[in-house]
Protein chains: 2
Amino acid sequence: MAVRHYTLDFKLSAPADHSATVRGLQSIFQEQEMTETVHDTEGHGYLATFIGKNGRFAILRLLSQGLVTFDLQCCEGDDLAQVDSLLNALETKLNILLHGTIQRVKRLPALQRGGEVDRYWPTADGRLIEYDIDEVVFDKDSAYQNIKILHSQQFGNILILNGDVNLSESDLPYTQAIMGNGREHYAGKEILILGGGDGGILCEAVKLKPKMITMMVIDACRTHMRKTCGNVLDNLKGDCYEVLVEDCVPILKKFVEEGRTFDYVINDLTAIPISTAPEEESTWEFLRLILDLSIKVLRPTGKYFSQGNCVNLTEALSEYEGLLRKLSCKVDFSKEVVCVPSYLELWMFYTVWKK
Amino acid sequence: MAVRHYTLDFKLSAPADHSATVRGLQSIFQEQEMTETVHDTEGHGYLATFIGKNGRFAILRLLSQGLVTFDLQCCEGDDLAQVDSLLNALETKLNILLHGTIQRVKRLPALQRGGEVDRYWPTADGRLIEYDIDEVVFDKDSAYQNIKILHSQQFGNILILNGDVNLSESDLPYTQAIMGNGREHYAGKEILILGGGDGGILCEAVKLKPKMITMMVIDACRTHMRKTCGNVLDNLKGDCYEVLVEDCVPILKKFVEEGRTFDYVINDLTAIPISTAPEEESTWEFLRLILDLSIKVLRPTGKYFSQGNCVNLTEALSEYEGLLRKLSCKVDFSKEVVCVPSYLELWMFYTVWKK
């Protein structure tokens, strides 16, 4: 069961004449055999609702400051050509009735509500985005998070963790960015990857002949993100890599105790929190802990790479940079804006090194 | 005057118990002093509308096949924290009332309807996309089209022609793609640019020391797309370029008559039509004409570059490829998928040459 929700809005330079507009539209609603209810809005303009056949439901609002909104909901299986022609008739008629005062006419693609496949995955900065998702490939709750892999017509499979778009099979630019965009020489080096369970970083890094890569894994990606991880996740141990299925904090602490160090630490665990609100506090604490431990296992000439967040979240990015400046071990950093195809927003990446 | 439109949907594995659910929510609506109207849906589930203070308007639908939808519209200037807490209360209560049958809870970012700035610019394949537009920089109708330049927080100024996102100041990848992505040697060559009025191609091409570039221009971009065009549009004639403010078909015909030829023809006039429906027929005709004339002015070793459209519009792309195969002068072609940052969808580009 799904509902298609259409909107049609007229932004006006002057309020619409209620009675003339309503009278002008009457024949359209009558023709559609829709039952009208006019509501008392207590001075907030004209508002009528209409019940039609097949579960159709419409709302007409004439707001006092020059805005006419129309909503039409219809159920799955309804005759979409008929629905379109109703909307066309209304748009044409309103163009005539409101002539001379129209500043903008806006008819959005219909919202698909309650469908089998969820196509709406907002950006990190909270904008409404409809993806071309056509299939749920995988959907499971792990001990830590909800893991979804959805198929996008253009991006291939997309990994979505707790509702956040994480990586698609078209997102090589993400992997390249978090590895320094070709500016680093990984040959013969020791690399620690925190997270990165989709295997993308590992897959690219093994091509560069490093001495040893240590990382951890999410199992779903091995099967469903093959274009990203290739076959590197098929075995947990390769010539130059080892995958640990463990929490990274105890491992990092153990490395610090043992005095084990790395040339590169790539933190692909999570984006920085989008706010500094109390409910995000524990994420910031976690981030601080990971940063601190990572810098401790970094060699003096080593580099630490991580993603930041959407470039629009300037406060969160400043907070992160403040955190970097206050680390017990003094560091410098650089940042870079990258277009990750499936994110549909520009993303910030950081490189951090010891002073 | 703008309206914020919130949606909150529960997808269920079984129909909701109407009377228990409605009874369970009653106290929330009463607390908000909302006046309820229950509508007769003629067997299409439960539907109630609610009029609240400040022009607030809500709709609760319990559809028979297991979907509960809630809509809340509020007017500009309303107390958004209060609106949020109403939605939170409803979500919490519905989570309790529908416990055990919930498959998905979806609360989308609010639609902003009738606002000063229009943030919704659908993709070529018809998906709903909200941009981070915060300012209308330019908005005018020319003899040919509506020209808008809107400011995006992350992409800089965006050129929108007749409602289609054309180019943003972050879209160097578009310009690079339509010039062959670094695979061509432009030094000493003669180049013809059809369209490209934003100046992006011209700006990149002059850096490559060509013999001569011939193109045409839209005036608005010179002022508002400086990051794209630099200063190349400040004069209509430079050392190695000439900008013609004329229709391209008569010019192309004149070039054919005169026997004038070029090493590169870059068609940046328009994307290929998204459908083969009758109303698009004239665009296809125009495209065929431009293609035919362009190939005629192309030297035997020359190349013709153009954009295609969104990769998802496979039928339109096939139609275009069919057109290429049927040209009077036999050609071969290659294609390339490119991520243009502000498009929020992957885009196809074509390279065409004489057989």
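Keep in mind the model is a prediction, meaning the values are calculated, not measured. (Residues numbered from 1 in each chain as written. Chains lettered and ligands numbered in written order. Predicted model: local features only at pLDDT ≥ 70, side-chain atom pairs only at ≥ 80, totals over all residues. Heavy atoms only, no water.)

*Asks:* When you look at the overall build of chain A in this model, what are you seeing that I'm missing?
*Replies:* Looking only at helices and strands, one finds nine helices and 18 strands in chain A. In terms of overall dimensions, chain A is more spread out than a globule: its C-alpha atoms have a radius of gyration of 27 Å, far above the 20 Å expected for 355 residues. Projected onto the principal axes, the alpha-carbon positions of chain A cover approximately 80 × 40 × 35 Å. Evaluated residue by residue, chain A yields a buried proportion of 56% over its 355 residues. Long-range contacts, defined as pairs at least 24 residues apart, comprise 60% of the intrachain contacts of chain A with a sequence gap of at least 6. (Helix = DSSP H or I, 4+ residues; strand = E, 2+ residues; numbered from the N terminus. Rg over C-alpha atoms; globule rule 2.2 N^0.38 Å. Buried < 20%, exposed > 50% of the residue type's maximum accessible area, 1.4 Å probe, protein only. Contact = heavy atoms within 4.5 Å.)

*Asks:* Where do I start with the sheet that holds strand E13 (residues 212-215) of chain B in this structure?
*Replies:* In a beta sheet, neighbouring strands pair by backbone hydrogen bonds and run either parallel or antiparallel. Residue and element names in this part refer to chain B. With respect to topology, seven strands assemble into an open sheet ordered E14-E13-E12-E15-E16-E18-E17, the strand pairing being mixed. The open sheet has two edge strands with one neighbour each: strand E14 (241-243) and strand E17 (331-339). Strand-to-strand twist of the sheet, defined as the mean angle between neighbouring strand axes without regard to direction, takes the value 15 degrees. Where strand E12 (residues 190-195) meets strand E15 (residues 262-268), five bridges bridge the pair, whose relative direction is parallel. When the sheet's bridge partners are listed, Gly195 is paired in E15 with Asp268. Against the sheet, helix H8 (residues 281-296) makes contact with E12, E15, strand E16 (298-310), E17 and strand E18 (346-354), and its axis sits at roughly 155 degrees relative to E16, the strand it touches most. Here helix H9 (residues 314-325) sits on the sheet in contact with E16, E17 and E18, set at roughly 5 degrees to E18. (Pairing = 2+ DSSP bridges. Axes fitted to C-alpha atoms, helices over the stretch in contact; angles between N-to-C directions.)

*Asks:* Is there a simple way to think about the sheet that holds strand E8 (residues 133-141) of chain A in this case?
*Replies:* All names here are of chain A. Ordered by their spatial adjacency, four strands build an open sheet running E8-E9-E10-E11, and the pairing between neighbours is antiparallel. Both edges of this open sheet fall to E8 and strand E11 (164-168), since each of them pairs with a single strand only. Taking each pair of neighbouring strands and ignoring which way they run, the sheet shows an average axis angle of 25 degrees.

*Asks:* Which parts of the structure should I look at to understand the relation of the copies chain A and chain B?
*Replies:* Between the two chain copies there is a screw-like relation: a rotation about an axis and a shift along it. Superposing chain A onto chain B takes a rotation of 180 degrees plus a shift of 0.0 Å along the axis, which leaves an RMSD of 0.1 Å. What the rotation and shift describe, once combined, is the action of a two-fold rotation axis. Residue by residue, 100% of the interface of chain A is reproduced at the interface of chain B, so both copies engage with the same surface. (Least-squares fit on C-alpha atoms with pLDDT ≥ 70 in both.)

*Asks:* Teacher, can you tell me more about the environment of Gly188 of chain B here?
*Replies:* Residue position: Gly188 of chain B is located in the loop between helix H3 (172-177) and E12. In contact with Gly188 of chain B, not counting residues within four places along its chain, are Lys209, Pro210 and Lys211 of chain B.

*Asks:* Honestly, the state of the cysteines in this entry has me stumped. Any pointers?
*Replies:* Defined simply, a disulfide is a covalent bond joining two cysteines at their sulfur atoms. A full pass over the atoms with the stated rule returns zero disulfides over all chains. Note on Cys74 of chain B: no disulfide assigned, nearest cysteine sulfur contributed by Cys75 of chain B at a separation of 7.1 Å. (Disulfide = S-S within 2.5 Å.)

*Asks:* Mind showing me how you'd approach helix H7 (residues 248-258) of chain A here?
*Replies:* All names here are of chain A. All of the buried residues along H7 are Cys248, Val249, Ile251, Leu252 and Phe255. All buried residues of H7 project into a common sector of 165 degrees when viewed along the axis, lining one side. Turned more than 90 degrees off the buried face of H7, the exposed positions are Glu257 and Glu258. Turning to H7, the residues buried within the fold contact strand E12 (190-195), strand E13 (212-215), strand E15 (262-268) and helix H8 (281-296). Looking at the residues trailing H7, positive phi occurs at Gly259, about 75 degrees. (Arc of directions from axis to C-beta.)

*Asks:* Any chance you could explain the UniProt feature "active site" (unreviewed entry) in chain A here in plain terms?
*Replies:* Residue and element names in this part refer to chain A. Following the UniProt record, one finds the feature "active site" (unreviewed entry) at Asp268. As for its placement among the helices and strands, Asp268 is situated in strand E15. Taking the relative accessible area as the measure of exposure, Asp268 reaches 7% and is therefore buried. With sequence-adjacent residues up to four places away left out, Asp268 is seen in contact with Tyr174, Ile178, Leu194, Gly195, Gly196, Asp198, Ile201 and Gln307. A distance of 2.5 Å separates a polar atom in the side chain of Asp268 from a polar atom in the side chain of Tyr174. (UniProt positions renumbered as here; feature names shortened; annotations may be inferred. Polar contact = N/O pair within 3.5 Å; in protein donor to acceptor, adjacent residues only side chain to side chain.)

*Asks:* Teacher, can you tell me more about the side chain of Thr175 of chain B here?
*Replies:* Residues and elements named next belong to chain B. Here Thr175 is to be found in helix H3. Taking the relative accessible area as the measure of exposure, Thr175 reaches 3% and is therefore buried. Non-local contacts of Thr175, meaning those with residues more than four positions away in its chain, are made with Gly200, Ile201 and Glu204.

*Asks:* Would you explain the packing of aromatic side chains in this entry?
*Replies:* Given two aromatic rings, their pairing is described by the distance between the two centres and the angle made by the two planes. Residues and elements named next belong to chain A. Counted according to the given criterion, the structure contains 20 aromatic pairs over all chains. Centroid distance Tyr186 to Tyr264: 4.4 Å. Interplanar angle 40 degrees. Geometry classified as tilted. Of the two residues, Tyr186 sits in the loop between helix H3 (172-177) and E12 while Tyr264 sits in strand E15, which places them 78 residues apart along the sequence. This pair shows no difference in class: Tyr186 is buried, exactly as Tyr264 is. (Phe/Tyr/Trp six-rings, centres within 6.5 Å; stacked < 30°, edge-to-face > 60°.)

*Asks:* How should H8 of chain A be read in this particular structure?
*Replies:* Two residues of an α-helix separated by three or four positions point the same way, owing to the 3.6 residues in each turn. Over its 16 residues, H8 of chain A extends 23 Å from the first C-alpha to the last, a length consistent with the 22 Å expected when each residue adds 1.5 Å. Listed in full, the buried residues belonging to H8 of chain A are Trp284, Leu287, Ile290, Leu291, Leu293, Ser294 and Ile295 of chain A. (Expected span 1.5 Å × (residues − 1).)

*Asks:* Whenever I open this one, the interface of chain A and chain B confuses me. Can you help?
*Replies:* The accessible area lost on association of the parts is a frequent measure of interface size. The partner chain B presents 63 residues to the 63 residues of chain A that form the contact. Summing both sides of the interface, chain A and chain B together bury roughly 5500 Å²; the carbon and sulfur share of this comes to 59%. At the boundary of chain A and chain B, one finds 10 salt bridges. The salt bridge involving Asp118 of chain A is made with Lys106 of chain B; its shortest N-O contact spans 2.6 Å. Our enumeration of links across chain A and chain B arrives at 30 residue pairs in polar contact (both at pLDDT 80 or more). Where the side of chain A that touches chain B is concerned, the elements lending two or more residues are strand E1 (3-12), strand E2 (35-39), strand E3 (46-51), strand E4 (57-63), strand E5 (67-75), strand E6 (102-107) and strand E7 (111-113) of chain A. Grouping the amino acids of the side of chain A that touches chain B by side-chain chemistry returns 28 nonpolar, 19 polar and 16 charged. (Buried area = accessible area lost by both parts, 1.4 Å probe. Salt bridge = Lys/Arg side-chain N within 4 Å of Asp/Glu carboxyl O. Nonpolar A, V, L, I, M, F, W, Y, C, P; charged D, E, K, R; others polar.)

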